[in-house]
Amino acid sequence: MGIVGALSAFACQGSSPPPPPPGPITLTIGVPQSRQLDPSHGIEALEWVTTERLTTNDSSGRTKPLLLEGWSLSADGLVWSLHVRSGVRFQDGSSLSSADVKRTIDAIVANPAARALSACVGDIRSVETTGERDVVVTLSRRCSYLLDDLDSPVTRTAADGRTRIGTGPFAKVASSADTITLEANRNYYLGRPPIDRVVLRSYDTLRTAWAEMMRGRVDFLWEVGPDTAELLSDQSSVDVRTFLSYYAYAVLLNSTRPALRDARVRRAINIAINREALVQQGLRGKGLPANGLIWPKHWARDGSIPGFVYDPEAATRLLRGEASDVQATRAAALRSTPPLEFTCLVPANFAILERLALLVQRQLGDVGVRMHLESIAPSAMMGRLDRGDYDAIVLPLVGGPYATIPYRFWHSAGPSRRWNYWGYANGAVDAALDAMRDARDDQHFREAMTSFETAVRDDPPAVFLAWSQTVQASSRRFEVPRDGDGRDALYVLNRWQLRAPGGMAQ
Amino acid sequence: MLATAAVVPLLTYGALSVYSLREGTRRSVVDGNLNVARQVGEQVRRYIATNLQILEAVAADFNHTNLSAEQQDRILKNYALRFPAFRELSTFDAAGKPAATSRVGRPGVTLPTGDVPTVYGVRMSPVVVDGDLLPTAIVAAPLGHQQQQEGWLVAEFSIEELWRLVGRIHVGSGGFVLVVGPGGELLAHGNPEERERVARGTNLSGNEMVVALRAGSADEPVVREIPGKTGERVLAVGVRIPELNWMVIVEQPSREAFAVARRHERDLIAAISLALLIMVLTGLLWGRSLIRPITALIHGTEAIAEGRLDQRVVVESKSEIGKLGEAFNSMADRLVELQDDVRKQERHAMFGRIAAGLVHDLSHPFKNVQNNCRLMLKMHDDAEYRELFRRTIDREFAHIKRVFEDLRSLARPMPIERFPLDLNRLLTDVAESMRGLVETAGLSLDLDLDDQGAFVEGDVFALSRVTRNLVLNAIEATPPNGTVTMATEAAGGSCRLRVSDTGCGIPPDRIGTLFEDFTTTKRQGLGLGLAISKKIVDQLGGTISATSAVGQGTTFVVELTRVPPPPAAN
């Protein structure tokens with residue numbers, strides 16, 4: 001399930017929602033389930049607003065303190081001294097201490113899945129509290145990804161012995177199949193949120209969610225598809241906000257398959273794709289052509305690195321001259337047939353993925369590649385990936401904001417394959433990712449990331465098509481802080497305010 | 001009248017202009033909005049028709065081609081990518097079994113069944129808003145020939161372009177276009193704020209416009225002013241798209257639709273009002289300049305009529321009115337001159353008459369005095385004569401004195417004392433005193449007194465003087481052998497004293513001026529008797545009048561308030 005968590009939050013549930021609970025100020029968040037891919041995640045995916053983590057990331061992906069007030073690293077890079085923020089309280093009023101942080105880190109270390117996924121957790125030798133607010137983590141080797149790997153909610157068991165409580169601005173108070181109710185955390189250390197209650201509610205379709213919004217029963221649509229963003233944007237009662245998401249639509253190529261084993265083939269496929277046209281035709285312009293695997297706004301990314309330039313003729317030449325070796329057994333007999341043929345899995349009933357797949361199929365067809373499309377139920381998708389039973393698959397793939405994400409996806413070494421379901425292995429890529437892990441400072445990190453992008457371009461594991469744009473719609477009843485622009489508005493949910501009739505926030 | 005004559009036509013013209021402007025502009029606005037509705041209808045029709053024709057063309061590509069399912073599949077996918085309006089294209093065999101699809105996986109569409117209308121040869125389901133908020137219809141084009149239908153090409157037809165088309169059209173700032181399906185379902189709304197009604201599946205079957213459009217003929221537009229959501233009046237025009245049986249309605253707030261008309265109307269009213277004001281002011285100024293000299297002439301005329309001959313008019317104009325003013329002033333100047341002349345003549349005449357009267361009234365007593373003085377020289381030793389002389393002298397001087405008193409009485413009122421007196425007695429005394437004169441004149445004097453007495457309140461001397469004046473006039477006006485009658489009559493609250501004669505009478509044209517100063521019917525004398533008599537009667541609160549017939553005689557009547565007789569008289 002690891003990849004699912006990285007892909008997006010998805011679930012498919014549905015029944016008529018109950019009326020919103022009474023309360024002075026209630027914000028109802030509508031989650032259209034038709035937008036979700038992973039059936040194991042639904043509105044629960046938004047429960048993260050109830051908890052907080054040790055660190056967070058700014059709009060450039062740089063790690064910033066959250067429950068940690070700060071940290072320091074020993075000269076050899078092996079000892080991390082973490083300083084817990086003072087004044088932080090859990091939702092039951094108890095104070096956050098270094099013991100809570102230690103307990104959280106210990107839980108991560110003890111979790112095999114977390115150890116398998118992370119780059120650094122396996123290198124943790126000890127976790128010790130050295131004071132009420134100080135925790136020292138000692139590594140067996142340098143690892144710059146440590147804070148990303150420790151990105152887990154800091155929670156505590158409530159007095160009832162069952163409920164997990166966090167330090168977030170809202171606390172979960174009730175839940176049903178399609179509704180989760182959160183209430184403002186009066187003990188929140190940054191001040192009690194102006195909104196008293198948040199209701200997370202799932203809807204079968206965007207239409208029903210939007211209609212509910214028009215009726216004033218939904219205040220925020222967590223995600224609106226690019227097809228309908230245009231139609232919503234001119235509503236005077238709705239603020240439509242668009243931001244570059246952390247996800248890129250990509251066709252993952254199984255490099256273990258003979259047809260796709262040759263890096264030149266995968267390069268040819270990459271330059272056969274007109275990404276601008278894909279964005280326009282497949283995403284209605286709501287996207288950014290993807291030229292690499294790193295989130296384009298990441299602080300360490302070198303934007304000057306050239307991406308794949310659309311060149312169908314070069315792709316054709318590359319495929320005819322070099323792919324013939326790959327298909328040597330068939331080439332002689334099937335001169336008139338396309339030199340390359342593979343099947344791409346397409347999650348069923350996702351119009352955008354289907355449209356992108358069709359466009360990719362057509363563009364590849366223009367260079368003589370026959371890409372068959374196979375619809376696959378999301379529930380069956382993980383099994384096929386686990387077994388490696390696929391040539392290619394089109395998916396939204398997370399690319400940010402953590403710098404550790406490329407490591408998890410594309411590093412081939414280690415006790416587990418992490419998110420590297422496609423069996424991708426490239427020594428230069430591994431070396432670059434290791435260099436990023438071992439980086440002593442920002443400069444080293446940047447250089448390593450550049451090396452990674454260069455290596456990946458030489459041996460692309462996928463066809464990154466476009467970075468998606470997330471569209472969210474919020475009722476003008478509420479005013480979202482401007483510093484929430486450019487990312488999910490729920491990051492600043494604790495500072496949403498009810499807008500006064502005159503337009504000013506109360 | 002002049003102002004009315006000028007203003008009424010302008011007002012009439014203004015009213016007609018406003019009405020004409022209002023109606024003309026209204027017609028223009030309605031026609032404009034209808035034109036928008038028709039154009040939108042045509043664009044919608046063309047949009048649907050074009051896509052359905054594309055579908056038919058795609059279907060035609062499949063006829064008798066014996067393509068494999070995989071080939072069909074690829075072709076359908078290419079078409080789906082090429083024509084984004086078709087979100088899915090799938091073929092079905094004659095039995096309804098899926099054959100090929102543009103989808104990855106199984107077809108998502110099914111063949112529309114039931115009472116589905118055929119549009120341009122393609123079966124088209126009602127438009128619904130799908131889960132992704134997009135308006136969608138399922139359309140199916142037959143494969144094969146009519147004689148041998150091989151199956152169907154079914155498409156999921158996203159008509160979201162219809163929303164864009166409708167959303168792009170704004171009529172003014174508050175006017176929008178609605179597209180309504182055959183069942184009254186709202187398919188598109190140009191107002192973004194109303195678009196949620198589309199998503200909610202709002203049905204407008206009961207809408208006044210929809211009802212009218214469905215009831216009318218296909219090419220008959222509908223124009224209404226209907227209440228909007230906020231109660232504001234809305235100008236709504238609608239047309240039908242006969243091929244689709246859809247309706248296009250353009251709604252615009254009447255306030256905005258007719259804003260230009262109202263502005264023009266206001267401007268026109270303002271212009272007319274201004275013209276009217278200018279006309280009235282001009283008329284007033286002009287009228288005043290015209291009337292002012294006329295008014296001055298009227299006032300001048302009235303002043304002249306009142307005797308103020310010094311009144312002149314100022315008319316500074318060279319028009320006829322100016323000349324009239326000059327003529328008026330000349331006339332007034334001439335009147336002054338004439339008045340002066342008349343006064344001179346009157347003074348001269350009066351002086352002559354007074355002089356003649358004085359000569360007449362005084363010459364006889366002076367003559368008598370002179371004659372008696374001469375006789376006295378001769379008969380100074382005659383005692384009887386001396387006695388006669390004394391009486392004569394006394395009488396003549398008394399006469400002279402009365403003449404002077406008459407003149408003085410004209411200058412100032414004589415003192416009157418009021419006591420009850422009996423007119424019968426007064427007339428008897430006067431008759432006794434004047435009987436000599438009467439007989440000398442060869443006349444007879446009759447007394448006709450009221451038996452019951454005739455008591456009035458008055459001055460016995462003043463009334464005696466009045467009576468004597470009247471009797472003297474009667475004597476002088478009556479030829480010998482005539483009769484002078486003195487009578488009293490008490491009746492009701494008044495007593496009348498009447499003196500009549502059988503003389504020559506007074507011409508009717510002289511009757512009215514008998515009691516004026518220095519007026520006399522006699523050839524000689526001052527003519528003050530009747531004037532003094534009238535003053536006395538007026539002072540006693542009575543009246544004096546005269547009736548006369550030329551050649552028959554004259555009767556003077558003095559009427560005074562009757563009073564009861566004093567106890568002594570009883």
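Residues numbered from 1 in each chain as written. Chains lettered and ligands numbered in written order. Predicted model: local features only at pLDDT ≥ 70, side-chain atom pairs only at ≥ 80, totals over all residues. Heavy atoms only, no water.

Asks: How should the overall build of chain A be read in this particular structure?
Replies: Regarding its fold elements, chain A presents 16 helices and 21 strands. Out of the 506 residues belonging to chain A, those deemed buried represent 56%. Considering only contacts in chain A between residues 6 or more positions apart, those separated by 24 or more positions represent 71%. Put simply, chain A shows about 19500 Å² of open surface, and 49% of that area lies on carbon and sulfur atoms. (Helix = DSSP H or I, 4+ residues; strand = E, 2+ residues; numbered from the N terminus. Buried < 20%, exposed > 50% of the residue type's maximum accessible area, 1.4 Å probe, protein only. Contact = heavy atoms within 4.5 Å. Areas by Shrake-Rupley, 256 points an atom, 1.4 Å probe, with all protein chains shown as cover.)

Asks: Sorry if this is basic, but what is going on with the domain arrangement of chain B here?
Replies: In many analyses, interface size is given as the accessible surface area lost on bringing the parts together. Taken as a whole, chain B is organised into domain 1 (2-156), domain 2 (164-259) and domain 3 (414-561). Once you take the C-alpha centre of each, domain 1 of chain B and domain 3 of chain B turn out to be 127 Å apart. (Domains from an automatic or database assignment.)

Asks: Which parts of the structure should I look at to understand unusual backbone geometry?
Replies: Backbone geometry follows two general trends: most residues other than glycine have a negative phi, and most peptide bonds adopt the trans configuration. Positive phi is not limited to glycine here, since A:Arg284 has a value of about 55°. Take A:Arg284: it is sitting in the loop between α9 (275-283) and β15 (287-289). Under the relative-accessibility criterion, A:Arg284 is labelled partly exposed at 30%. Positive phi, close to 75°, is recorded for B:Asn481, a residue that is not glycine. Mapped onto the fold, B:Asn481 is located in the loop between α11 (460-477) and β16 (483-491). On the basis of relative accessibility, which here comes to 73%, the residue B:Asn481 falls in the exposed class.

Asks: Could you clarify how one ought to interpret the nonpolar core in this entry?
Replies: Residues A:Val137, A:Trp410, A:Trp422 and A:Phe452 are the most contacted members of the largest nonpolar core, which totals 75 residues. Residue contributions to this core peak at six residues, all from helix α16 (residues 442-458) of chain A. Apart from residues lying up to four places away in sequence, A:Trp410 is in contact with A:Leu252, A:Leu293, A:Leu397, A:Asn420, A:Trp422, A:Tyr424, A:Val429, A:Asp430, A:Leu433, A:Phe452, A:Pro461 and A:Phe464. Residues B:Val44, B:Ile54, B:Phe86 and B:Trp246 belong to the second largest nonpolar core, which totals 73 residues. (Core = buried A, V, L, I, M, F, W, Y, C linked by side-chain atoms within 4.5 Å.)

Asks: Would you take a moment to explain the state of the cysteines for this structure?
Replies: As used in these notes, a disulfide is a covalent bond between sulfur atoms, one from each of two cysteines. Residue and element names in this part refer to chain A. In this structure the tally under the stated criterion is one disulfide over all chains. With its sulfur 1.5 Å from that of its partner, Cys 120 forms a disulfide with Cys 143. The disulfide joining Cys 120 to Cys 143 has a torsion of about -50° about its S-S bond and is therefore left-handed. Taken together, the residues span a long stretch of sequence, with Cys 120 in the loop between α3 (112-117) and β6 (124-131) and Cys 143 in the loop between β7 (134-139) and α4 (146-149) at a distance of 23 residues. The buried category is assigned to Cys 143, whose relative accessible area is 1%. (Disulfide = S-S within 2.5 Å.)

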